[in-house]
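As a plain string of letters, each chain reads:
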Amino acid sequence: MAKADPGKGGHHRVPDAPDPLPIPVVDNHTHLDIARDGEGAPDVAAAIAAAKAVGVDRLVQIGCDLPGARFTVEMVDRHPAMLGGIALHPNEAPKLAEAGTLDAAYAEIEELAAHPRVRVIGETGLDYYRTGPDGVGVQQDSFRWHIDLAKRTGKALQIHDRDSHDDVLRILEEEGAPDRTVMHCFSGDVSMARTCADRGYYLSFAGTVTFKNARGLRDALSVTPLDRVMVETDAPYLTPAPWRGATNAPYLVPLTVRAMAGVMGVAVPTLCQAVSDNAEAVYGPW
C-alpha cells in the first residue's frame, strides 16, 4: 500500500497494510457493494486478496437493501472466501413502506435467502438515530419479520442496533432469538455486553473499539467471553485508529484484532483462534 499520513486527506487516504496476523480470521461484516462519496466501488477480488495477505482469509459480505442483496448473492457464487448476509436495513424498511413496496421487497429477500452460501439474515434491527418516531413501528415490524425468517431458514441473525438498545433486547426476547445471533458493531455498555453473553449472543466489535473516546466500549469488550467475540470492519466505514476517517476495508482488520487482544488481556494468536472458531460455529465452513 502507498504510504499515507493518517492525519490528513479525509477518507480518500489509503492506509498502509498492517502486519499480518499469526492465525487467519474472519471479517464478520463488510459491505463491498458500497462506495464512499466520491469514490468508485471497491474491486472485490482485489479487496479479498489484500485481506488474505494480512491473515483475513474469509469474510461475510452484507447486502442490506435489494441491490446490495442481489450483489451479495452474485458475489458469493464467484468468491470462495466470501459468505453472504442479506436483509432490509432498519432505515430502508420505512422508505419501502412509504413507497408501498415493502411486501414485495420482503418476498425478494426471502427468495434470495434460500441461496446456500447466504448464511445470514441481516443486518436487521433498529436505528433510532436516522429514522424518526414515525418510522419506529415499521422498523420494529421489519425486525420481527427478519427474526422469523432467520428461524424459518435456519440462518444466523445479524443485528443492527443504533440508539435502540432496550428495544432490540426486548424484541429479541419477545420473539425468541435464533440459536445463532450476532450483535453487529456492538455499541452497548458493560451491562448490555453481559446480558448478550448470558443469552448466548455473539458480540462483534468494529474499528470503533480503537477510538480514543470509546472507553465504555472497551469496558464492554473486556467482559465479553472469548467464545462469544467476533471482529468486523463494517467497511467502508468505522476505520480503526490510526486511520480513523479513511476508507475502511477488510485488510485493516488486524489493527482492530491487536487492539482487542490488548483490551481482553489475551495473546493475539489466542484471540485470532477464538474469532475464527466462533465464525465457523455461527456460519459453518466456508
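Everything below is about the structure printed above this text.
Residues numbered from 1 in each chain as written. Predicted model: local features only at pLDDT ≥ 70, side-chain atom pairs only at ≥ 80, totals over all residues. Heavy atoms only, no water.

**Q** With reference to specific residues and values, describe the overall build of the protein.
**A** Scanning the protein from N- to C-terminus turns up ten helices and eight strands. When the backbone C-alpha atoms are referred to their principal axes, the protein occupies close to 50 × 40 × 35 Å. Split into buried and exposed, the 286 residues of the protein put 55% on the buried side. Look at the contacts in the protein between residues 6 or more apart in sequence, and 73% of them connect residues 24 or more apart. (Helix = DSSP H or I, 4+ residues; strand = E, 2+ residues; numbered from the N terminus. Buried < 20%, exposed > 50% of the residue type's maximum accessible area, 1.4 Å probe, protein only. Contact = heavy atoms within 4.5 Å.)

**Q** Explain helix H10 (residues 268-283) to me, using residue names and the numbers behind them.
**A** With 16 residues, H10 extends 22 Å from end C-alpha to end C-alpha; this agrees with the ideal 22 Å at 1.5 Å per step. Among all positions of H10, only Leu271, Cys272, Ala274, Val275, Ser276, Asn278, Ala279, Val282 and Tyr283 are buried. Positive backbone phi, at 85°, marks Gly284, one or two positions downstream of H10. (Expected span 1.5 Å × (residues − 1).)

**Q** If you had to explain unusual backbone geometry to someone new, which residues and values would you point to?
**A** With an omega of 15°, the peptide bond between Gly122 and Glu123 qualifies as cis. Its place among the elements puts Glu123 in strand E4 (residues 118-127). Despite not being glycine, Cys185 has its phi angle at roughly 45°, a positive value. Tracing the backbone through its elements, the reader meets Cys185 in the loop between strand E6 (181-183) and helix H7 (190-199).

**Q** Report on the packing of aromatic side chains, specifying residues and quantitative values.
**A** A complete count under the given rule lists three aromatic pairs for this structure. Aromatic side chains Phe186 and Phe205 sit 5.6 Å apart centroid to centroid with 55° between the ring planes, which places their arrangement in the tilted category. Pair noted here: Phe186 is in the loop between E6 and H7 and Phe205 is in strand E7 (residues 202-205), with a separation of 19 residues, a long-range link. Take Phe186: its relative accessible area is 3%, and that puts it in the buried class. Plain terms: the ring middles of Tyr283 and Trp286 are 6.3 Å apart, the flat faces sit at 85° to each other, and that makes the pair edge-to-face. The exposure class of Tyr283 is buried, given its relative accessible area of 3%. Here the guanidinium or amino end of Arg162 rests over the ring plane of Tyr129, the centre of that ring lying 3.6 Å away. (Phe/Tyr/Trp six-rings, centres within 6.5 Å; stacked < 30°, edge-to-face > 60°. Lys NZ or Arg CZ within 6 Å of the ring centre and 35° of its normal.)

**Q** Give me the packing of helix H4 (residues 102-112) against helix H5 (residues 136-153): which residues, what numbers.
**A** Relative orientation of the contacting elements H4 and H5 amounts to 25°, with a least axis distance of 12 Å. Judged by the angle between their axes, H4 and H5 are roughly parallel. The hand of the H4/H5 crossing is right-handed. Contacts from Leu102, Tyr106, Ile109 and Glu110 in H4 reach Val138, Asp141, Ser142, Trp145, His146, Leu149 and Arg152 in H5. By residue class, the composition of the contact of H4 with H5 is six nonpolar, two polar and three charged. (Axes fitted to C-alpha atoms, helices over the stretch in contact; angles between N-to-C directions. Parallel < 35°, antiparallel > 145°, perpendicular 65-115°, else oblique. Left-handed = near helix turned anticlockwise from the far one by under 90°. Nonpolar A, V, L, I, M, F, W, Y, C, P; charged D, E, K, R; others polar.)

**Q** Quick rundown of the pairing of E7? Include the residues and the values.
**A** Burial along E7 is two-sided: Tyr202 and Ser204 and Leu203 and Phe205, pointing in opposite directions, are all buried. As defined by bridge partners, E6 adjoins E7 across two bridges and the pair is classed as parallel. Within E7, the residue paired with Val182 across the bridge is Tyr202. As for the winding sense of the linkage, the β-α-β connection from E6 through H7 to E7 is right-handed. Of the strand pairs in this sheet, E7 and strand E8 (residues 229-231) are connected by three bridges, and their pairing is parallel. When the sheet's bridge partners are listed, Leu203 is paired in E8 with Val229. (Pairing = 2+ DSSP bridges. Right-handed = clockwise from strand over helix to strand, strands pointing away.)

**Q** Could you give an account of the sheet that holds E7, with specific residues and numbers?
**A** What the eight strands build is an open sheet, ordered E1-E2-E3-E4-E5-E6-E7-E8; its pairing is parallel. Whereas interior strands pair on both sides, the edge strands pair on one side only; in this sheet they are strand E1 (25-30) and E8. Recorded for the sheet is a direction-independent mean angle of 25° between the axes of neighbouring strands.

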